[in-house]
Amino acid sequence: MKILAIETSCDETAICLADSNKNTQEVRILGNALSSQIEIHAQYGGVFPTLAKRAHAEKIVPLIEEVFTVIGIKKNTKPISFDESLLSFLDEKESELKSHLVPFFAQFTKPDIDAIAVTVGPGLEPALWVGVNTARALSVIWGIPIIPINHMEGHFVTAQFVQKEKNSFSLSPLSYPVLGLLVSGGHTEIIFSEKEGVYKKIGQTRDDAVGEAFDKVARMLGLPYPGGPAVSKLAKQWRNQKKENTITLPRPMLHSGDYDFSFSGIKTAVLYTIRDITDNNSRELTDTEKKMIACEFENAVVEVLIKKTRNASEEYSAQTIIVGGGVAGNTYLKSELTKVFEQSDITLLFPEQWLSTDNAIMIAMAGALKIFSQKIETITPKDLKADGNMSF
Ligand code: KG4
Ligand code: ZN
C-alpha cells in the first residue's frame, strides 16, 4: 500500500511517499522531502507558533510537488477541473494553504496513493492544522482514506524499523513488554507497551522537555537553535579532556521514586551559575567555562533519564527499550544507556540518527504498522481534527 505521510507538528514541514508491504513487513521510501524552519525560529531561541503555521502553509504543497517530481508523477499539460467548493472549509483559516492547493489540484490527477497518514497531535495546534487540512483536502478531492497518527507514536515506532538499503526499512519483531523513552523538544516521557499498538504513559516531565532544556541552556551559552547538538558538542570536548569539572548542577527528581521528570530547575540552576561566574553578567563566559557547564548539564540530564529508565525497566520487566525523539540522537545518552544495558537481556533500540528528529518517514512507518497489524482507524475528512495535547 502506498502511503503519503504528512508531518507539521512543530518546525519541520515534511512529506514522504512510502510503499508498505505487509507480506515482507517492509517500508520502502519512494520520495521524501523536508523543509526546516530553523532559521525562522533561531532568533527567538524556540518555535514561534504563528510563524510556524505560516511557513508550513507556504511550504507543504511545494514539498508534495517535490516528492511527486522525484518519483515521476507529472503535471497535466491541460488544467484539470475539480469541484473547488469541496475546499471551502479552508476559506476561513487556511487561505494561504488554499492558494497553493487550488493550482495543485488543477495540475495533478490522483496518483497511485492508497492512504494518507497525517500527524494529528501532539504539537503546536496552528502548525498541526496545516497538515490536517492538507490531508482533508487530498482526501476530499482524490477520495483517499486518512490514517490519523500520534506524533509520539511516530517517534516510538522509528527504531523498530531497521534500515536495509538506502531507502528500504524492515520491521524487526519486538520482545514485549517494551518501554519507550521518548525525548524531544516538546516531550519527555516513559511509555509502557505490553503488546503492539497498546501504550500507557508511566511518567513524563512536569515542566520543560529535555530537548527544550538543551535549547534554553544553548541560548544562555550563546549557541544556536536548536541547541541540543551544539551543547552536546561542547560537552564532549570537555569530557574528552578528562579534567575536573568545577561546575555542579542538580539532578532534579533523581530520587523521586516515580518516572516523572523536571528540567526547568536545572535550567534555572544554569542561569544562576552563569551569573555567579560572570559576576552578574559583567563579563562573558570563557570557552572553558562554557564547556564545563555544557558537560555538567548533559551529565545531569542523562543521569536522570538513565536512572528512571533503568528503574522502570526493572519494575515493568521490560524485554526491550526503545528510545525516540530528537534527543535520541544524543551520542552521550546513547553510549551511557548502552553501557547500562549491554550486560542485561534487554534489547536497546535507537532510531537511525537522521530519523531521530521530526520527519515524515516516521509518520509513514507508524501508518505502515497500523496497516500491517490491520489496526487502521480511518476517519472521514470532516471529522479529522488536530489535537495539540494528544497523549498516549
Ligand atoms: O523530536 P524533535 O525533532 O522535535 C519535537 O518533536 O520536539 O526534537 C527536537 C529537539 C530539540 O530540542 C533539539 O535541541 C533536540 O531535540 N536535539 C538534541 C540533539 N539533537 C536534537 N538534544 C540533545 N542532543 C542532540 N544531539
Ligand atoms: Zn518530535
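A short tour of the structure in this document, coming up.

Analysis parameters
Residues numbered from 1 in each chain as written. Chains lettered and ligands numbered in written order. Predicted model: local features only at pLDDT ≥ 70, side-chain atom pairs only at ≥ 80, totals over all residues. Heavy atoms only, no water. Donors = N, O, S within 2.8 Å, 3.2 Å for Na, K, Ca; no water. Helix = DSSP H or I, 4+ residues; strand = E, 2+ residues; numbered from the N terminus. Buried < 20%, exposed > 50% of the residue type's maximum accessible area, 1.4 Å probe, protein only. Pairing = 2+ DSSP bridges. Axes fitted to C-alpha atoms, helices over the stretch in contact; angles between N-to-C directions. Polar contact = N/O pair within 3.5 Å; in protein donor to acceptor, adjacent residues only side chain to side chain. Near = heavy atom within 4 Å. Contact = heavy atoms within 4.5 Å. Arc of directions from axis to C-beta. Right-handed = clockwise from strand over helix to strand, strands pointing away. Salt bridge = Lys/Arg side-chain N within 4 Å of Asp/Glu carboxyl O.

**Things to note about the coordination of the zinc ion (ligand 2)**
Coordination of the zinc ion (ligand 2) by the protein involves His151 (NE2), His155 (NE2) and Asp358 (OD), with metal-donor separations of 2.0 to 2.1 Å. Coordination of the zinc ion (ligand 2) draws on donor residues from a single chain, spaced H-x3-H-x202-D in sequence. Taken together, the positions of His155 in helix H5 (residues 151-158) and Asp358 in the loop between strand S12 (347-349) and helix H11 (361-372) put the pair 203 residues apart, joining distant regions of the chain. What makes Asp358 buried here is its relative accessible area of 14%.

**Comments concerning the sheet that holds strand S2 (residues 12-21)**
Spatially, seven strands are ordered S5-S4-S1-S2-S3-S7-S6 in an open sheet, and the strand pairing comes out mixed. The sheet is open, and its two borders are formed by strand S5 (146-150) and strand S6 (161-165), each paired with just one other strand. For this sheet the average axis-to-axis angle between neighbouring strands, irrespective of direction, equals 30°. Note: strand S1 (residues 2-7) against S2, six bridges, orientation antiparallel.

**Details of H5**
Of all the eight residues making up H5, eight are buried; the element is thus mostly covered by neighbouring parts of the structure. Listed as buried for H5 are His151, Met152, Glu153, Gly154, His155, Phe156, Val157 and Thr158. Capping of H5 at its N-terminal end is provided by Asn150; its side-chain oxygen lies 2.7 Å from the backbone amide nitrogen of Met152.

**Things to note about the site of ligand 1**
In the region of ligand 1, 20 residues are neighbours, and Gly185, Asp215, Gly326, Asn330 and Asp358 sit closest. At a separation of 3.1 Å, an oxygen atom of ligand 1 approaches a polar backbone atom of Gly186. At 3.0 Å, a side-chain N or O of Asn330 approaches a nitrogen atom of ligand 1. Top element by residues in the shell around ligand 1 is helix H6 (residues 210-220). It accounts for four residues.

**A closer look at the sheet that holds strand S10 (residues 200-204)**
Taken together, the five strands give an open sheet; going across it, the order is S10-S9-S8-S11-S12, and neighbouring strands pair in mixed fashion. Of all the strands in the sheet, the pair left with one neighbour each is S10 and S12. Taken pair by pair, the neighbouring strands of this sheet meet at an average axis angle of 20°, ignoring direction. This element, H5, spans strand S8 (178-183), strand S9 (188-193) and strand S11 (320-324) of the sheet and lies at about 120° to S8. Here helix H10 (residues 331-341) sits on the sheet in contact with S8, S11 and S12, set at roughly 175° to S11.

**A look at H10**
Buried within H10 we find Tyr332, Leu333, Glu336, Leu337 and Phe341. Taken around the axis of H10, the buried residues stretch over an arc of 150°, which confines them to a single face. In this structure, the buried side of H10 is in contact with S8, helix H7 (227-241), helix H9 (287-315), S11 and S12. Between the side-chain oxygen at the start of H10 and the backbone nitrogen of Tyr332 there is a gap of 3.0 Å, and the oxygen is on Asn330.

**A few points about the pairing of strand S4 (residues 115-121)**
For S4, the buried fraction is high: seven of the seven residues fall into the buried class. The pairing of S4 with S5 spans five bridges and is classified as parallel. The residue of S5 that forms the bridge with Ala117 is Ile147. With helix H4 (residues 125-142) bridging S4 and the parallel S5, this β-α-β connection has right-handed handedness.

**Some remarks on the side chain of Asn133**
Looking at where Asn133 falls in the secondary structure, it is placed in helix H4. Within the structure, the side chain of Asn133 is placed 2.9 Å from the side chain of Glu94, a separation counted as a polar contact. Look past the residues within four positions of Asn133 in its chain and what remains in contact with it is Phe89, Leu90, Glu94 and Leu97.

**Some details on the environment of Thr188**
With respect to the helices and strands, Thr188 occurs in strand S9. Judged by relative accessible area, which is 1%, Thr188 ranks as buried. Thr188 sits ten residues away from Val198 along the chain, and the two C-alpha atoms are 19 Å apart. With near-sequence residues (within four places) excluded, Thr188 lies in contact with Leu182, Val183, Gly203, Gln204, Thr205, Ala209, Val210, Phe261, Phe263 and Leu305. There is a polar contact of 2.8 Å between the side chain of Thr188 and the backbone nitrogen of Val210.

**Concerning the pairing of S6**
With four bridges joining them, S6 and strand S7 (residues 168-171) adopt antiparallel strand pairing. For Phe161, the partnering residue across the bridge sits in S7 and is Leu171. In textbook terms, the turn of a hairpin is the stretch between consecutive antiparallel strands, and for S6 and S7 this stretch comprises two residues.

**Quick word on unusual backbone geometry**
Following Tyr176, the chain continues to Pro177 via a peptide bond in cis, the omega torsion being 0°. A cis amide bond links Tyr225 with the next residue in sequence, Pro226, at an omega value of -5°. Take Pro226: it is sitting in the loop between H6 and H7. A positive phi angle, close to 60°, is found at Asn280, a residue other than glycine.

**A look at the pattern of salt bridges**
Per the stated rule, a full pass over the model turns up 19 salt bridges. A salt bridge links Asp208 to Lys267, with the nearest nitrogen and oxygen atoms 3.0 Å apart. Of this pair, Asp208 sits in the loop between S10 and H6 while Lys267 sits in helix H8 (residues 264-277), placing them 59 residues apart in sequence. Lys308 is paired through a salt bridge with Asp258; the nearest N and O atoms lie 3.5 Å apart. Taken together, the residues span a long stretch of sequence, with Lys308 in helix H9 and Asp258 in the loop between H7 and H8 at a distance of 50 residues.

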